[in-house]
Amino acid sequence: MEQFFNPKSIAVIGANDKPNAIGSALMDNIIQGGFTGTVIPINPYHESVRGLKAYASITEVDPAPEMAIIATPIATAPEIVRQCVRAGTQGVIIIAAGGKELGEEGALIEEQIEGAAEGSGMRIIGPNCMGAIHPATRVNATFAGGMPATGNLAVISQSGAICAAILDRAAEGHMGFSHFVSIGSMLDVDFGDLVDYLGNDGTVKAILLYMENLTNPRKFMSAARSVSRIKPIIVLKSGKSKAGAKAASTHIGAMAGEDAVYDAAFKRAGIVRVPSLARLFDCAELMAKQPRPSGTRLAIVTNGGGPGVMATDTLAEYGLEPAPVPEAIMAQLNELLPPYWSRGNPIDILGNATAERYSRALEICLSSRDFDGLLVIMVPQDLTPPEEVAEALTKLAKRKRIPIFASWMGGKRMTEAIRILHQADIPTYETPERAVRAFMYMYEYTRNLELLSQVPPKLSTELYFNRDQVFRTIYECFNNEVELLNELQSKEILEAYGIPVNPTVLAADVEEAVARAAEIEGPLAMKLVSFDIPHKSDADGVHLDLRNEDDIRRAFAKIMDGVRACNPEARIEGVSLQPFIPNHDFELFLGSKTDDNFGPVLCFGAGGVFAEILNDKALGLPPLNRLLARRMMEETRILPLLQGYRNATPVELEKVEELLMRLSQLVIDFPEIVEMDINPVLIKNGEPIAVDARIKLSRVETSTNMHLVISPYPQHLERHDLTDMQMPLFIRPIKPEDAPLFEELFNTLTPTSIYYRFFSVVKTLSAEILARFTQIDYDREISFVGLDDEEGRERMLGVANILGEPDGKRGEFSVLIGDPWQGKGIGAKLLLQCLRIAQERGMEIVWGTVLAENRHMIDLGKKLGFTVKQGEDASEYKLTIDLKTAKL
């Protein structure tokens, strides 16, 4: 991506001197923006542009420009792209619209552009875009005039119009940018590429996205999950009102609309979502200028009671109150303020507050460790010069350890004070509500980081799955041209994956129903089985507590009458019979639906016939562990009931977590399952059991796990092996649940071993570091652990890792072996396994930096075929292996 942000030369194809032309505007913006490299106009007339020599074709330019901007009609783009490839240009921006957004003809042109660039390594931004800006290198490769200030916010937008609005607003609000990219139709460069690139740029403090759709959700999720751990990503996703759920054959179809799925994906990636452009600005400004809060304890200082109430009401929307004022702070404020001050938070210092009173009150609040943020509100008052208060606040803010932000309410009288605050990087909002919401979005990112660093607990039992049984069931259904499974077939699949189900039999007619009912002890439930009536209750298709033959016959007749009234043409297989479970405590809903963008989406919530009306649900993406399953549950209103509300029997929540994990594994293993309802799952005496289920299948053509946007644990890579010294070793990919084992491994290391691995003194591993090592993205990182499981419990002996770069062609390796097991061949086995997987994935170069005194690692590298060369620092060696030729 450097070719777009730090090029030495830029060619403008279609450059001209005509007024109001895009080619003319591009030339002006590049030159007037202060670009210090070479600007090359290209047009077929050899006409000079802005006094610069013009060329007829980019192929005439020597050396080739690093970047080219195509400002000609899109129909000319395929041939120009071919010329750029021949010339050796590294990056192209296509400005023109008229691609796939206009239909088949435009889509064909985009295919021709892709074909022209295929295999060249040249990257393309656009078409239908505004271009890119990089203030630090004075690159304004857009037709938007002016160079924005240099800052630490990066913006990626699909909409050129939104880009123009953001630039104009930023100039007014004194906001600066590190990068500004309009990506348009994303024929090549997309959100995932740029998030990856910006995540590795130290000048970027936060990334703002305006998104309409994704072209490669898996790449985006991989990049976002990695980058959000180190810097906030804030997204404004448009299209919330679009009808996401068409008429569906299952509850899940109606409950998992498109926008709700995007929400679930953003949460999983640790992204903060905002609902409007105004909130995007508000949130971005606070994140760019102030430290993130560690909690929600907000102090509010105001010279007006009403604005303080407004701030308090906004906190209440999040279920919060202003932070309590500690006794010591209260005592100091009592000494400072008139006796009739509010004596609480909001801290109302009254309308007659002087600048000195403001300053002293703020100083007292900032001296406390009991506040996580400080909101300073000011309304125009004759006795309070706003400029003096602003100056006082800027002096105090220099020692900030918490976010300090302001709401200077009013108009003309506040203009100069707001300018002073902006210059001091103190965000200022027109209303207290906007200020509080910005603070809460900032805290949401803090909370995201905490959640990303939590270690998921292990289940108390191992999970086993009968994949062969499910495969046979699905294969048989496809052979019989069946795609919508009935209750019995669906339950057969669930039972194979360990999901408890109510035993069920099928009866085709009333006589068979009477006979089969006699085989089941106790009261029965009878339900309609029909492919054409997905919601049984619509046809009076559920009858409960049937105790004798008369009940069975009566229920069967009512069901048939109900079918005739609901859908006379419906195909009826018969009825299902199963034990009736009376007096259950709760009804849950579990389900999944394959989304066009994000693949399988899981759903959990309150169940029963009113599931859609109650709309108490949470969505999540597989794979799940216990922690992710619990987070889904925490998003629902039914969780407090499950935990034992009043006298209700509490549910053993681990069992519900296990249900979700089993459901997750089922849709991971079988992409053919495109919709699934398990409704209801009854909870009685704390135990869950599925009493109804419905599964929809579809034939798919997909390679292993490519129907998922998050790569699951690669269980097929587990194996038992022997080291060269005949030491038994269980080698497997690392898991998030391995954090305790990793910590135990770290505790076996000597200070020297720690220094060899971390290149610094590390005494303990923080939660963030543990998460970084154990919660990996299996798409971009290869990490294997060696375990000793001979003693009945796992013990981690070592770990080897290759972290891939965004392009997937290069990766950096590392190895860590516990001191008691060094020299036993464990490191060689683990690193060799990593290298083989990297080679299979098409990685070309693996490298690593090793301290000169770490002879064991240098010798291991030589043994495996690495070349060893002196690094730039004499105390280091660089080990490199070319996987294109290596024989592993």
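Computed from a prediction, not measured in an experiment: that's the story for all the values here.

**Q** Tell me about the overall build of the protein, and please be specific about residues and values.
**A** Counting its regular elements, the protein contains 29 helices and 35 strands. At 32 Å, the protein has a C-alpha radius of gyration in line with the 29 Å of a compact globule built from 888 residues. Seen through its C-alpha atoms, the protein measures out along the principal axes to roughly 95 × 80 × 65 Å. With 888 residues in all, the protein has 56% of them scored as buried. Expressed as a percentage of contacts within the protein between residues at least 6 apart in sequence, the contacts between residues at least 24 apart total 71%. About 38000 Å² of surface is accessible on the protein, with carbon and sulfur atoms providing 49% of the total. Seen as two clouds, the 90 positive and the 118 negative side-chain charges of the protein have centres 4 Å apart.

**Q** Tell me about the sheet that holds strand β20 (residues 542–546), and name the residues and values.
**A** Pairing is antiparallel in the open sheet, where four strands are placed in the order β18-β21-β19-β20. The strands lining the two open edges of the sheet, one partner per strand, are β18 (505–507) and β20. The average angle at which neighbouring strand axes cross in this sheet is 25°, direction not considered. In terms of strand pairing, β18 meets strand β21 (residues 574–579) through three bridges, oriented antiparallel. By the bridge assignment for β21, Leu506 is matched with Ser576.

**Q** Before we move on, could you go through helix α2 (residues 22–32) and cite the residues and values that matter?
**A** Three or more residues of α2 are buried, namely Gly23, Ser24, Leu26, Met27, Asn29 and Ile30. Considering only its buried residues, α2 is in contact with β1 (9–13), β2 (38–42), β3 (67–70) and β7 (139–142). Remark: Gly34 follows α2 within two positions and exhibits a positive phi of approximately 95°.

**Q** Lay out the environment of Thr431 with the relevant residues and their values.
**A** Residue placement: Thr431 occurs in the loop between α15 (415–423) and α16 (432–453). A sequence separation of 176 residues divides Thr431 from Gly607, and the C-alpha atoms of the two residues are 41 Å apart.

**Q** Before we move on, can you summarise the pattern of salt bridges with the specific residues and values?
**A** This structure, assessed with the given rule, holds 54 salt bridges. A salt bridge links Glu416 to Arg419; the shortest N-O distance between them is 2.4 Å. Placement of the pair is Glu416 and Arg419 together in helix α15, with a separation of three residues, close to one helical turn. In this structure Glu416 comes out as partly exposed when scored by relative accessible area, which is 33%. For Asp551, the salt bridge is made with Arg554, and the minimal N-O distance between the two is 2.8 Å. A residue pair is termed a helical-turn pair when its members lie 3 or 4 positions apart in one helix, as Asp551 and Arg554 do in helix α20 (residues 549–566) at three residues. By relative accessible area, which is 16% here, Asp551 ends up buried. Taken together, the shared-partner salt bridges in this structure form one network comprising Arg123, Asp188, Asp190, Asp193 and Lys219.

**Q** Account for the nonpolar core, naming residues and giving values.
**A** Counting 60 residues, the largest nonpolar core has Ile93, Leu209 and Phe220 as its most contacted members. Per element, the largest residue contribution to this core is six residues, and it comes from helix α9 (residues 258–269). Those residues in contact with Phe220, other than ones at most four positions away along the chain, are Phe191, Gly192, Val195, Leu209, Met211, Leu214, Phe266 and Ile271. Residues Leu717, Ile734, Ala828 and Phe866 belong to the second largest nonpolar core, which totals 55 residues.

**Q** Requested: an account of the packing of aromatic side chains, with residues and values cited.
**A** Evaluation of the coordinates by the stated rule reveals 14 aromatic pairs. With a centroid separation of 5.4 Å and an interplanar angle of 20°, the aromatic rings of Phe5 and Tyr197 are classed as stacked. Here Phe5, found in helix α1 (residues 2–5), pairs with Tyr197, found in helix α6 (residues 191–199); they are 192 residues apart in sequence, far enough to count as distant. In this pair, the class of Phe5 matches that of Tyr197, namely buried. With centroids separated by 6.2 Å and ring planes inclined at 75°, the aromatic side chains of Tyr497 and Phe670 adopt a geometry described as edge-to-face. One end of the pair, Tyr497, is in the loop between α18 (487–496) and β18; the other, Phe670, is in the loop between α24 (653–669) and β25 (673–684), and 173 residues separate them in sequence.

**Q** Describe the pairing of strand β26 (residues 687–690), listing the residues and the values that go with them.
**A** Residue alternation in β26 divides its side chains into a buried set, Pro688 and Ala690, and an unburied set, Glu687 and Ile689. Where β25 meets β26, four bridges bridge the pair, whose relative direction is antiparallel. Opposite Ile683, over in β26, you have Pro688 as the bridge partner. Connecting β25 to the antiparallel partner β26 that follows it, the hairpin turn spans two residues, and Asn685 within it adopts a positive phi of roughly 55°.

Criteria and thresholds
- Residues numbered from 1 in each chain as written.
- Predicted model: local features only at pLDDT ≥ 70, side-chain atom pairs only at ≥ 80, totals over all residues.
- Heavy atoms only, no water.
- Helix = DSSP H or I, 4+ residues; strand = E, 2+ residues; numbered from the N terminus.
- Rg over C-alpha atoms; globule rule 2.2 N^0.38 Å.
- Buried < 20%, exposed > 50% of the residue type's maximum accessible area, 1.4 Å probe, protein only.
- Contact = heavy atoms within 4.5 Å.
- Areas by Shrake-Rupley, 256 points an atom, 1.4 Å probe, with all protein chains shown as cover.
- Lys, Arg positive; Asp, Glu negative; His and termini not counted.
- Charge placed at Lys NZ, Arg CZ, Asp CG, Glu CD.
- Pairing = 2+ DSSP bridges.
- Axes fitted to C-alpha atoms, helices over the stretch in contact; angles between N-to-C directions.
- Salt bridge = Lys/Arg side-chain N within 4 Å of Asp/Glu carboxyl O.
- Core = buried A, V, L, I, M, F, W, Y, C linked by side-chain atoms within 4.5 Å.
- Phe/Tyr/Trp six-rings, centres within 6.5 Å; stacked < 30°, edge-to-face > 60°.

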